[in-house]
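Architecture at a glance
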Amino acid sequence: METIFEYAQSLVYTLLGLMPSPHQRSSLEALLGLFLQAQGQAIPAHCTSKSASALSRFLNRYDWSTVGVIRATRRAMLNQVLRHLPPGMTTLKVILDLTTLPKCGKFAHLATSLPSEVGDDSATVQTDPWVRVLNGKRGLHLVMHLVMLYLVIGQWRVPWSFCIWHGKGHLSPVQLACKLLARVPKTLTHRFPVIVLADTEFGTIKFLQAVQKRQWRAVVGMPGNRQMENGKSLKQLYRTGRRGQQVRLVGMSTPLTVSWFWLKRSERKRELRFVVSTYPYSGVYLVRLGRQRWAIEGFFKTIKHRFSLHRFGQSTLLGLYRWLVLSLVAFVLAHWTHCWAKPQRLDWKAARELAQVILLPQVVWKDLLHQIRSHWDIAMQHGFEIILKPIRWDY
């Protein structure tokens, strides 16, 4: 059986093989190395092995298959998971949430057309700008479809798919979430029980019915003012009822199990949260499942502030789209390296350093050469001379 590390190496070789020229292969290596610096500041101008203009052309102009990169990465992720399954029953958790990548400016150049979904094989394109205002923040609004599989070897993180919300007049975040449910690979759904975890924003009748239609289990946050068939709200149930009982919401034909908990917002402030399920879990276990949804919040924080998902300052939608995809690929490579090394705790800095050294040694060497040449005078000031020469191998 191939090791986790061998799968990571194989994925890198596969992606490089999709590039039509040596120049594009070196550009891909430089970009992945830039993302794997994991400092959240992956800007092309910071790259030492390629110029910012070369990376811009690679992202915005060069003809290489973005869909091919997505398919190869998905295929590798599926093979990785299926080859390293623990004994016994494993639950597939599908977590959906909405995150915002804020950007300033008008971005008139982002009004050109491009497929709106990762891996979309159809010819459908969107001609409206991607940059919108949501919750007071101007920027890209992504519905990130994150499939989470918890295995014995650790917590597998698989960012599978995302859609981009285009604002009013287009598909709503809930409609996009329902669309993304169909993207979960059947190889996994036919093999494991599926639990769909989502925030209060997705606690609609349409979303719950879409999950039930697939015979999956939904665990979704619900606002306290949601009305039940008896005319009372869920908040009133907190005062008179018990956790884990079944209720019927207005517009929902099947009963739902409800529970609640207090979420600590600050030292002096708490917020009452409700969570419902289409499966009759106990009240305590339902709260535990509801809290697991926050795993995606940690992912969003990591992918932005470690792997620079929000630093997508490109001149075209194609470049922006490719930036998001390659940022997710770098996250996957670092996570696999962490699983292979099996450290005591998850350290993204250590994981990315190890991923760079093992998977992209040529990028590390070029960065080292750049550092030596930039600080050559310091060595001379201290009486040292640095000489670089190739090694002659005698066989």
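In the block above lies the structure referred to throughout.
Rules of the game
Residues numbered from 1 in each chain as written. Predicted model: local features only at pLDDT ≥ 70, side-chain atom pairs only at ≥ 80, totals over all residues. Heavy atoms only, no water. Helix = DSSP H or I, 4+ residues; strand = E, 2+ residues; numbered from the N terminus. Buried < 20%, exposed > 50% of the residue type's maximum accessible area, 1.4 Å probe, protein only. Phe/Tyr/Trp six-rings, centres within 6.5 Å; stacked < 30°, edge-to-face > 60°. Polar contact = N/O pair within 3.5 Å; in protein donor to acceptor, adjacent residues only side chain to side chain. Contact = heavy atoms within 4.5 Å. Core = buried A, V, L, I, M, F, W, Y, C linked by side-chain atoms within 4.5 Å. 1 Å grid on protein atoms, 1.4 Å probe; cavity = no way out; pocket = protein on both sides within 12 Å on 5 of 7 lines; lining within 4 Å. Points joined across faces, edges and corners; volume = space filled by probe spheres on them. Nonpolar A, V, L, I, M, F, W, Y, C, P; charged D, E, K, R; others polar. Axes fitted to C-alpha atoms, helices over the stretch in contact; angles between N-to-C directions. Parallel < 35°, antiparallel > 145°, perpendicular 65-115°, else oblique. Left-handed = near helix turned anticlockwise from the far one by under 90°. Arc of directions from axis to C-beta.

1. Examining unusual backbone geometry
- Of note in the backbone geometry, Q215 takes a positive phi value of approximately 60° without being a glycine.
- With respect to the helices and strands, the residue Q215 is situated in the loop between helix 7 (205–213) and strand 6 (217–222).
- We classify Q215 as exposed; its relative accessible area is 74%.
- Of note in this structure, S308 is not a glycine but carries a positive phi near 60°.
- A relative accessible area of 1% places S308 in the buried class.

2. So, the packing of aromatic side chains
- Here the structure, examined in full by the defined rule, presents 13 aromatic pairs.
- Seen from their ring centres, F58 and W64 are 4.9 Å apart, and the 15° between their planes marks the pair as stacked.
- Relative accessible area serves as the criterion here: at 0%, F58 is assigned to the buried category.
- The exposure class assigned to W64 is buried, which follows from its relative accessible area of 5%.
- Judged by centre distance (5.9 Å) and plane angle (45°), the rings of F202 and F207 are tilted. Like F207, F202 is buried.

3. What about the side chain of S277?
- Mapped onto the secondary structure, S277 falls in strand 9 (residues 270–277).
- For S277, a relative accessible area of 1% puts it in the buried group.
- Within the local environment of S277, its side chain forms a polar contact with the backbone oxygen of Y279, the two atoms lying 2.9 Å apart.
- Contacts of S277, omitting those with residues within four sequence positions, involve A218, V219, L256, T257 and L286.

4. Observations concerning the nonpolar core
- Membership of the largest hydrophobic core comes to 110 residues, with the highest contact counts inside it found for L31, V196, F207, L326 and W336.
- Top contributing element to this core by residue count: helix 11 (residues 317–341), with 15 residues.
- Among all residues touching L326, those that are not within four sequence positions of it are L28, L31, L32, F35, F58, L59, W64 and V69.

5. A closer look at empty space enclosed by the protein
- What the rule picks out here adds up to 4 cavities of 30 Å³ or more.
- One number sums up the size of the largest cavity: a volume of about 130 Å³.
- Lining the largest cavity are 14 residues, and of these I70, T73, P159, V325 and L328 sit closest to its centre.
- At 5 residues, helix 4 (residues 66–83) tops the list of elements feeding residues into the lining of the largest cavity.
- Tallied by class, residues from the lining of the largest cavity come to 11 nonpolar, 2 polar and 1 charged.
- As a volume, the second largest cavity reaches approximately 110 Å³.
- Within the residue set of the lining of the second largest cavity, elements represented by two or more residues are strand 5 (194–198), strand 6, strand 9 and helix 9 (283–292).
- Looking at the lining of the second largest cavity residue by residue, the classes come out as 9 nonpolar, 3 polar and 3 charged.

6. Side note on the packing of helix 4 against helix 11
- Running from amino to carboxyl end, helix 4 crosses helix 11 at an angle of 20°, the nearest separation of the two axes being 11 Å. On the basis of their axis angle, the class for helix 4 and helix 11 is roughly parallel. Note on packing geometry: the crossing formed by helix 4 with helix 11 is left-handed. Residues T66, V69, I70, T73, A76, M77 and Q80 of helix 4 form the contact with helix 11, whose participating residues are L318, Y321, R322, V325, L326, V329, V332 and W336.
- A breakdown of the residues in the contact of helix 4 with helix 11 according to their chemical character gives 11 nonpolar, 3 polar and 1 charged.

7. Digging into the environment of A295
- With respect to the helices, strands and loops of the structure, A295 is situated in helix 10 (residues 295–305).
- Its relative accessible area of 23% is what places A295 among the partly exposed residues.
- Considering only alpha carbons, one finds A295 and R157, 138 residues apart in sequence, at a separation of 9.5 Å.

8. Some details on helix 9
- Looking only at helix 9, the buried set comprises G283, L286, V287, L289 and G290. Down the axis of helix 9, the buried set is contained in an arc of 165°. They therefore lie on one face.

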